[in-house]
Amino acid sequence: MHDVSLLETLIADLVTDLPAAIRLEKVVKTLRTHFHCGAVVILKREQEMLRPIASVGLAREALGRRYLIAQHPRLAAITAAREAIRFEPDSPLPDPYDGLIEESPDGMLAVHDCMGISLYIEGQIWGVLTLDALTPGTFDEHTMHALQRASLLVEAAVRMSMIEEHVRALRNQPRDNQQRYSNSIHENHDIIGRSSRLMNVMQELAVVAQSDLPVLLLGETGVGKELFARQLHQQSTRSQQPLIYVNCAALPETLAESELFGHTRGAFSGASQERAGRFDSADGGTIFLDEVGELPLSIQAKLLRVLQNGEIQRLGSDRSHRVNVRIVAATNRDLQQQVKTGDFRADLYHRLSVYPLPIPPLRERDDDIALLAGHFLELNRTRIGVRALRLSPAAEQALHRYDWPGNVRELEHTISRAAIKALSRGAHRNDIVTIDAALLDLPITATQPTLPEQSTVEPAPYMALGTMSLRDAIDELQRQFILQALTKSGYNWAQAARLLDMDPSNLHKLASRLGLK
Ligand SMILES: Nc1ncnc2c1ncn2[C@@H]1O[C@H](COP(=O)(O)OP(=O)(O)OP(=O)(O)O)[C@@H](O)[C@H]1O
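Only a predicted model underlies this, so the values are computations on that prediction, with no experimental measurement involved.

**Digging into the overall build of the protein**
Then, in step 1: For the protein, the helix and strand inventory stands at 19 helices and 15 strands.
Then, in step 2: Taking all 517 residues of the protein together, 51% fall into the buried category.
Then, in step 3: For the protein, restricting intrachain contacts to residue pairs at least 6 apart in sequence, the fraction spanning at least 24 positions comes to 69%.
Then, in step 4: With an accessible surface of roughly 24,300 Å², the protein has 52% of that area assigned to carbon and sulfur atoms.

As structure tokens, this is what we get:
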């Protein structure tokens with residue numbers, strides 16, 4: 001593609017009426033074709049971090065990662081410069097995408113070309129664009145100039161996507177809220193995931209956030225109810241006011257009342273001075289009652305009174321005062337069942353559950369697993385200080401097969417544990433550490449066969465001329481391709497056949513001949 005046709009294609013990507021995320025995906029695909037790259041990524045800057053928001057050629061989990069700029073010298077150099085920057089194939093600086101490249105047999109970036117450019121919106125750095133080509137010599141002075149020109153259109157595409165998001169958000173907003181909300185729509189990215197189930201919850205959450213209704217977040221342990229509560233507050237009209245967290249399970253019954261509603265001086269022995277409670281602290285804002293199902297019945301009665309008349313009474317006081325607090329509660333218990341057994345007051349239940357919002361368990365949003373895993377891998381990579389931390393294909397498969405009774409929390413702990421175990425095998429700072437399925441130590445919960453661990457597609461130096469026959473080399477290449485397709489499709493043979501553009505029955509036959517079945 002010549003420069004002119006590149007610009008034309010980018011302009012076409014720009015003017016087509018597409019959702020923001022898809023528009024940017026199209027842009028990176030166009031750039032990949034034009035610049036003959038293995039991977040192209042658009043990353044958005046968020047304080048000290050860069051977050052991939054559109055990518056092609058990288059493993060899907062990359063979209064869940066966050067790159068601390070200070071820890072990635074290439075990204076730091078691109079961010080610091082205004083012009084396009086190129087890294088020579090022999091550059092000693094580690095590449096942030098090592099282990100994540102789809103096209104490379106083991107995901108690794110050996111000798112390769114890399115270039116990038118910072119993206120500016122309204123005079124401020126907005127993010128960066130990076131391009132990696134697997135063949136050294138792909139990028140030269142000419143491509144640098146072409147990238148410089150193309151970056152203007154990428155900036156335009158980003159701008160357009162931002163404007164569209166603003167418009168969509170404003171359409172959903174009550175009038176008095178417009179200014180505040182438009183400032184914050186791009187801020188919170190803490191909830192990782194792109195599954196349709198998650199997107200539906202986020203949409204519902206955005207709508208209910210704007211009402212002042214009490215919300216009851218329901219979901220199994222570890223699904224992220226606290227994150228959703230924070231998001232709800234952030235998107236509400238109260239976002240500039242406090243969000244006060246109360247863990248009801250950790251409140252001792254004897255102290256619960258004074259903690260929640262405050263106490264007067266001398267209300268009990270040790271109460272040497274008057275003290276405000278959590279409801280006072282939350283005045284004007286939101287109180288988040290986590291694990292509300294654990295509240296003792298005596299406190300439930302007092303909480304109900306606050307919800308009924310908006311007034312609180314400090315322990316030891318006979319006067320009450322008004323507070324204006326929005327209630328968001330969460331539980332992993334079956335509250336209706338608790339009502340039946342008399343452990344939870346029915347009247348309080350009805351007050352709290354005006355708007356129940358169920359958060360789906362992780363096993364019902366498989367699409368989020370890779371992104372979350374990527375996010376936790378990057379956090380752990382930073383923590384343990386290695387160059388790259390990645391999953392073997394079999395490990396990735398194991399994550400998808402497992403049913404995650406402890407949900408995201410369990411995934412987070414599984415990856416942290418495996419990272420530390422990998423480190424204890426003697427990894428060093430400059431190492432690329434691969435977590436294999438055994439390190440994850442997950443119980444087998446599925447019927448699908450486990451890919452043999454040798455499916456980690458290693459670079460194949462042994463395929464050099466003189467070390468094997470052409471026939472064996474072809475077999476080896478076919479084996480690697482099939483394993484990659486199987487890994488990518490989660491061992492779904494029909495999908496793997498489509499990826500390989502083969503007839504499924506031929507794929508089965510070939511896989512048997514190659515010893516893969
Ligand atoms: N979508 C997500 N993106 C990033 N991190 C997540 C996500 N969901 C959950 N987490 C992380 O998983 C962990 C558990 O989340 P959280 O404590 O909110 O769960 P919970 O539903 O409140 O669980 P419990 O009912 O046991 O209190 C936290 O460390 C949280 O940051």
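Moving on, there is more to tell.
**Observations concerning the site of the ligand**
Then, in step 1: Close to the ligand lie 17 residues; Ile192, Thr221, Gly222, Lys225 and Glu412 are nearest.
Then, in step 2: The separation between an oxygen atom of the ligand and a polar main-chain atom of glycine 224 is 3.0 Å.
Then, in step 3: One nitrogen or oxygen atom from the main chain of glutamate 226 is found 3.0 Å from an oxygen atom belonging to the ligand.
Then, in step 4: Within the complex, the protein chains bury 86% of what would otherwise be the 630 Å² of accessible surface of the ligand.
Then, in step 5: In terms of residue class, the shell around the ligand is built from 6 nonpolar, 4 polar and 7 charged.
Then, in step 6: Domain assignment of the residues forming the shell around the ligand places at least three in each of domain 2 (196–362) and domain 3 (366–457).

**A look at the environment of proline 136**
Then, in step 1: Tracing the chain through its elements places proline 136 in the loop between strand E6 (124–133) and helix H4 (141–171).
Then, in step 2: C-alpha of proline 136 to C-alpha of glutamate 88: the two residues are 48 residues apart in sequence and 8.3 Å apart in space.

**Some thoughts on the sheet that holds strand E7 (residues 215–218)**
Then, in step 1: Strands sit in the order E8-E9-E12-E7-E13 across an open sheet of 5 strands; the sheet is parallel. Each edge of the sheet is formed by a strand with only one pairing partner; in this case those strands are strand E8 (243–247) and strand E13 (355–358). The sheet shows a mean angle of 20° between the axes of neighbouring strands, taken without regard to direction.
Then, in step 2: Taken together, the 4 bridges between E7 and E13 define a ladder with parallel strand orientation. In the strand pairing of E13, leucine 216 is matched with proline 356.
Then, in step 3: Strands E7, E8, strand E9 (286–290) and strand E12 (326–331) of the sheet are contacted by helix H7 (residues 225–234), whose axis makes an angle of about 150° with E7.

**Focus: the nonpolar core**
Then, in step 1: Within the largest apolar cluster, 31 residues are counted, with the highest numbers of intra-cluster contacts made by Leu389, Leu399, Trp404, Leu411, Ile435 and Leu440.
Then, in step 2: With 7 residues, helix H13 (residues 367–384) is the single largest residue contributor to this core.
Then, in step 3: Once residues lying within four places of it in the same chain are set aside, the contact partners of tryptophan 404 are Leu362, Arg363, Ile369, Leu399, Glu410, Leu411, Thr414 and Leu442.
Then, in step 4: With 29 residues, the next largest nonpolar core counts Ile244, Ala256, Phe279 and Phe344 among its residues.

**Considerations on the sheet that holds strand E1 (residues 39–46)**
Then, in step 1: In space, the 6 strands of this open sheet follow the order E3-E2-E1-E6-E5-E4, with antiparallel pairing throughout. Each edge of the sheet is formed by a strand with only one pairing partner; in this case those strands are strand E3 (67–68) and strand E4 (85–87).
Then, in step 2: Bridge count for strand E5 (residues 113–121) against E6 is 9 bridges, and the pairing is antiparallel. When the sheet's bridge partners are listed, methionine 115 is paired in E6 with leucine 131.
Then, in step 3: Each of E1, strand E2 (49–56), E3, E4, E5 and E6 is contacted by helix H3 (residues 73–80), which is oriented at about 130° to E6, the strand it contacts most.

**Quick notes on the pattern of salt bridges**
Then, in step 1: As enumerated under the stated definition, the model contains 19 salt bridges in all.
Then, in step 2: In this structure, arginine 51 and glutamate 46 form a salt bridge, with 2.7 Å as the shortest nitrogen-oxygen distance.
Then, in step 3: The salt bridge involving arginine 365 is made with aspartate 368; its shortest N-O contact spans 3.3 Å.
Then, in step 4: According to the relative accessible area criterion, arginine 365 is buried, its value standing at 3%.
Then, in step 5: Through salt bridges with shared partners, a single network forms among Glu61, Arg65, Glu378 and Arg381.

**Thoughts on helix H10 (residues 297–309)**
Then, in step 1: With 13 residues, H10 ought to run about 18 Å at 1.5 Å a step, and its terminal C-alpha atoms sit 19 Å apart, in line with that.
Then, in step 2: Regarding H10, the residues found buried are Ile299, Gln300, Leu303, Leu304, Val306 and Leu307. Seen end-on, H10 carries its buried residues on one side only, within an arc spanning 160°.
Then, in step 3: Count one or two residues on from H10 and you reach glycine 310, which has phi positive near 65°.

**Some points on the packing of aromatic side chains**
Then, in step 1: A full pass over the atoms with the stated rule returns 4 aromatic pairs.
Then, in step 2: Pairing tyrosine 402 with tryptophan 404 gives two aromatic rings, centres 4.6 Å apart and planes at 80°, and the pair type is edge-to-face.
Then, in step 3: Above the plane of the ring of tyrosine 120 lies arginine 82, whose end atom (NZ or CZ) is 3.5 Å from the centre.

**Brief notes about the packing of helix H6 (residues 196–209) against H7**
Then, in step 1: Viewed as axis vectors pointing N to C, H6 and H7 meet at an angle of 40°, and their least axial separation amounts to 9 Å. Between H6 and H7, the interaxial angle falls into the category oblique. Once H6 is placed against H7, the crossing between them reads as right-handed. Note on element contacts: H7 touches H6 through Phe228, Gln231 and Leu232, opposite Leu198, Val201, Met202, Leu205, Val208 and Ala209.
Then, in step 2: Its residues placed into classes, the contact of H6 with H7 shows 8 nonpolar, 1 polar and no charged.

**Things to note about the pairing of E7**
Then, in step 1: Examined bridge by bridge, E7 and E12 share 4 bridges and lie parallel to one another. Bridge pairing in E12 links leucine 218 to threonine 331.

**Things to note about the packing of helix H8 (residues 253–261) against H10**
When two helices pack together, you describe them by how their axes are tilted relative to each other and by the distance separating the axes.
Then, in step 1: As a packed pair, H8 and H10 sit with axes 10 Å apart at the nearest point and diverge in direction by 15°. In terms of their interaxial angle, H8 and H10 are classed as roughly parallel. For the pair H8 and H10, the crossing hand works out as right-handed. Contact residues: H8 offers Glu253, Ala256, Glu257, Leu260 and Phe261, while H10 offers Ser298, Ile299, Lys302, Leu303 and Val306.
Then, in step 2: Counted by class, the contact of H8 with H10 contains 6 nonpolar, 1 polar and 3 charged residues.

Parameters at a glance
- Residues numbered from 1 in each chain as written.
- Predicted model: local features only at pLDDT ≥ 70, side-chain atom pairs only at ≥ 80, totals over all residues.
- Heavy atoms only, no water.
- Helix = DSSP H or I, 4+ residues; strand = E, 2+ residues; numbered from the N terminus.
- Buried < 20%, exposed > 50% of the residue type's maximum accessible area, 1.4 Å probe, protein only.
- Contact = heavy atoms within 4.5 Å.
- Areas by Shrake-Rupley, 256 points an atom, 1.4 Å probe, with all protein chains shown as cover.
- Near = heavy atom within 4 Å.
- Polar contact = N/O pair within 3.5 Å; in protein donor to acceptor, adjacent residues only side chain to side chain.
- Nonpolar A, V, L, I, M, F, W, Y, C, P; charged D, E, K, R; others polar.
- Domains from an automatic or database assignment.
- Pairing = 2+ DSSP bridges.
- Axes fitted to C-alpha atoms, helices over the stretch in contact; angles between N-to-C directions.
- Core = buried A, V, L, I, M, F, W, Y, C linked by side-chain atoms within 4.5 Å.
- Salt bridge = Lys/Arg side-chain N within 4 Å of Asp/Glu carboxyl O.
- Expected span 1.5 Å × (residues − 1).
- Arc of directions from axis to C-beta.
- Phe/Tyr/Trp six-rings, centres within 6.5 Å; stacked < 30°, edge-to-face > 60°.
- Lys NZ or Arg CZ within 6 Å of the ring centre and 35° of its normal.
- Parallel < 35°, antiparallel > 145°, perpendicular 65-115°, else oblique.
- Left-handed = near helix turned anticlockwise from the far one by under 90°.

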